[in-house]
Amino acid sequence: MNDRGKIIAGLAIFIAIVTLPFWFNMGKAAPVPDPKLTAKAKAAKECVESTAYMRAEHMQLLDVWRDTVVRDAKRVYVTEKGKEYMMSLSNTCLDCHSNKTEFCDRCHDYASARPYCWDCHIDNPKGEN
Amino acid sequence: MNNKYMISFIAVFVLFFLAYLGTEALGLDVLFGVLIPYAALAVFIVGFVYKVMGWARSAVPFRIPTTCGQQENQLGFRQNTLDCPSTAGAVVLRMFLEIVTFRSLFRNTRMNFREGHKVSYNLEIFLWLFALIFHYAFLTVIVRHLRFFLEPVPKALQLLETVDSFMQIGLPVLYLSGAALLVAAVFLLLRRIFIGNVRYISLASDFFPLFLIGGIAFTGILMRYVTKVDIVSIKQLTMGLVTLHPTVPEGIGGLFYGHLFFVSILLAYFPFSKLMHLGGIFLSPTRNLPTDTRATRHVNPWNYPVETHTYEEYEDEFREKMVEAGLPVEIMPEEQPAEEAEADSPSEEKE
């Protein structure tokens, strides 16, 4: 009994699968996403909260906003510094970040995050661009 | 307390803090982010090939298929082709179902005494169920992680993510496979700790992979749902690894390096551990040999060439003496050997 041929074929397939990412990316550069700020966002200097907080927790913030608005009908968000904002994706977030494809999508696509915000919201409520 | 699982638990704990403190306090990001993962992958591939080739070289002295059904026969009994296959096709089907649904494990029973002394065998389904959950959850988690290694992320992978998170629990949406992996790993661990007769046969090498995989799932869940790591930097690191241009971005955090170190340890440990059942399942002789032991001859590769002396050779050697002694022979010598010799000799010369 000698199945060495079959075993080697199986091993070759296994190694091809394990090293798949190396083959898939061969000769390709993987540019790091570079989200662009609009002029308005740049001028505002800071978002609703600090940049570090927004980078890590923006989805939580939006989730809380949605629940607070829809369930409690409260529309005013008070930041840690005491500033007040309307809790609205379309009117507050997208007011500055009106460039979804160059801002939101850059990182989301890279990390394969597909938020369901846009199932309901249109990404350009003011009809700009 | 049992030192077998305590040692494994402490080992996993120490490994985590090695990576955590190594990157947070000593700044060994390149070591834990690039060098160790590459080394681990190399050890995994070379070790895996070495192990399997060792098995391929091993002789199979005789067929040992296990039969769990009626064998092929000429008596009119219907053959159980799946559990007692006699053809290659049926063997492939048996192997496929074994690998995909763990049929052997499903057959697991537990003996009980009923009414004092009556023996009964009950279906013991939970090991099979949680083993199945564990393996499929782990597979899904591994495939899902390809999003960190492929750019652009393929559509099929995005579909898998959507299916895996279809309950839309929390934000970021909960991946069911991650939770299932942790739950199943904990079940398999508690089974080994709390069931006495299983604990008795459990070794540190049984506990260590469970703690390690549990640790991988736990740190992964922590990063995604609790502490929030910078996923863009992490993909930058992982893409650097697979495009062979390693880069180590700032500020990824010790928790990620702990997670990555766990995975590296798992990869490097894999070929030398029970986890090699990944390759071994394909080579189980009780599963992958057809039950045709009476129909085809299985030659043992160990067999050395045996010197034989058949009766024909014996008679050739002693024919004349046998005839002289009056013993019966199968081929009578010719009446006139001299004539035959004359007739034969020219032909021999021609040759």
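Rules used throughout
- Residues numbered from 1 in each chain as written.
- Chains lettered and ligands numbered in written order.
- Predicted model: local features only at pLDDT ≥ 70, side-chain atom pairs only at ≥ 80, totals over all residues.
- Heavy atoms only, no water.
- Helix = DSSP H or I, 4+ residues; strand = E, 2+ residues; numbered from the N terminus.
- Rg over C-alpha atoms; globule rule 2.2 N^0.38 Å.
- Buried < 20%, exposed > 50% of the residue type's maximum accessible area, 1.4 Å probe, protein only.
- Contact = heavy atoms within 4.5 Å.
- Domains from an automatic or database assignment.
- Arc of directions from axis to C-beta.
- Pairing = 2+ DSSP bridges.
- Salt bridge = Lys/Arg side-chain N within 4 Å of Asp/Glu carboxyl O.
- Buried area = accessible area lost by both parts, 1.4 Å probe.
- Polar contact = N/O pair within 3.5 Å; in protein donor to acceptor, adjacent residues only side chain to side chain.
- Nonpolar A, V, L, I, M, F, W, Y, C, P; charged D, E, K, R; others polar.

## Quick word on the overall build of chain B
- Summing up its helical and strand segments, chain B has 15 helices and two strands in all.
- Taken over the C-alpha trace, chain B has a radius of gyration of 32 Å; the compact-globule value for 351 residues is 20 Å, which it surpasses by more than 25%.
- Each of the three principal axes of chain B carries a C-alpha extent, and together these read 105 × 65 × 45 Å.
- In chain B, buried positions account for 38% of the 351 residues.
- For chain B, the proportion of contacts with a sequence separation of at least 24, taken over those separated by at least 6, is 63%.

## Quick notes on the domain arrangement of chain B
- Along its sequence, chain B is carved into domain 1 (3-288) and domain 2 (312-344).
- Relative placement of domain 1 of chain B and domain 2 of chain B: their C-alpha centres are 73 Å apart.

## Concerning the side chain of Asp292 of chain B
- In this fold, Asp292 of chain B is placed in the loop between helix H13 (285-288) and helix H14 (311-324).
- With near-sequence residues (within four places) excluded, Asp292 of chain B lies in contact with Arg63 and Ser86 of chain B.

## Things to note about helix H6 (residues 155-164) of chain B
All names here are of chain B.
- Three or more residues of H6 are buried, namely Leu157, Gln158, Glu161 and Asp164. Burial along H6 is one-sided: seen end-on, the buried residues are contained in an arc of 125°. For H6, the exposed residues set more than 90 degrees away from the buried face come down to Lys155, Ala156, Leu159 and Val163.
- Elements in contact with the buried residues of H6: helix H5 (126-144) and helix H7 (176-194).

## Digging into the pairing of strand S1 (residues 109-114) of chain B
Residue and element names in this part refer to chain B.
- Pairing of S1 with strand S2 (residues 118-123), which is carried by six bridges, proceeds in the antiparallel orientation. Considered in S2, the bridge of Asn112 is made with Ser120.
- With antiparallel pairing between neighbouring strands as the criterion, S1 and S2 make up a hairpin whose turn holds three residues, including Glu115 at a positive phi of roughly 50°.

## What to know about the pattern of salt bridges
- Summed over the entire model, instances satisfying the criterion amount to 23 salt bridges over all chains.
- The shortest N-O distance in the salt bridge between Asp67 of chain A and Arg71 of chain A comes to 3.7 Å. Of the two residues, Asp67 of chain A and Arg71 of chain A are both situated in helix H4 (residues 51-72); the distance of four residues between them amounts to about one turn of the helix.
- Accessibility expressed as a relative area gives 23% for Asp67 of chain A, which makes it partly exposed.
- The class of Arg71 of chain A is exposed, set by a relative accessible area of 64%.
- Across the pair Asp206 of chain B and Lys274 of chain B runs a salt bridge, and its minimum N-O distance is 3.1 Å. Placement of the pair is Asp206 of chain B in helix H9 (residues 204-227) and Lys274 of chain B in the loop between helix H11 (254-269) and helix H12 (277-280), with a sequence separation of 68 residues.
- Overall, Asp206 of chain B belongs to the buried group, its relative accessible area being 12%.
- For Lys274 of chain B, a relative accessible area of 39% translates into the label partly exposed.

## Focus on the environment of Leu31 of chain B
All names here are of chain B.
- Position of Leu31 among the secondary structure elements: in helix H2 (residues 29-57).
- The exposure class assigned to Leu31 is partly exposed, which follows from its relative accessible area of 32%.
- Taking the C-alpha atoms as reference points, Leu31 and Tyr257, separated by 226 residues in sequence, lie 9.9 Å from one another.

## Description of the interface of chain A and chain B
- Listed as interface residues are 30 residues of chain A and, on the opposing side, 43 residues of chain B.
- Carbon and sulfur atoms make up 71% of the area that chain A and chain B hide from each other, which totals about 3300 Å².
- Seen at the junction of chain A and chain B, the total is two salt bridges.
- Linking Arg114 of chain A and Glu161 of chain B is a salt bridge whose minimum nitrogen-to-oxygen distance equals 2.4 Å.
- Counting the contacts that link chain A with chain B gives 10 residue pairs in polar contact (both at pLDDT 80 or more).
- When contributions to the side of chain A that touches chain B are tallied by element, the ones reaching two or more residues are helix H1 (4-18), helix H2 (20-24), H4 and helix H6 (104-110) of chain A.
- The element best represented in the side of chain A that touches chain B is H1 of chain A, accounting for seven residues.
- When its residues are assigned to classes, the side of chain A that touches chain B shows 19 nonpolar, four polar and seven charged.

## Details of unusual backbone geometry
Residue and element names in this part refer to chain B.
- A cis amide bond links Glu151 to the next residue, Pro152, at an omega of 0°.
- Mapping Pro152 onto the fold places it in the loop between H5 and H6.
- The omega torsion across Leu171 and Pro172 is -5°, close enough to zero to call that bond cis.
- Structurally, Pro172 can be placed in the loop between H6 and H7.
- Located in the positive-phi region is Phe102, a residue other than glycine, with phi close to 55°.
- On the secondary structure map, Phe102 appears in the loop between helix H3 (88-101) and helix H4 (103-106).

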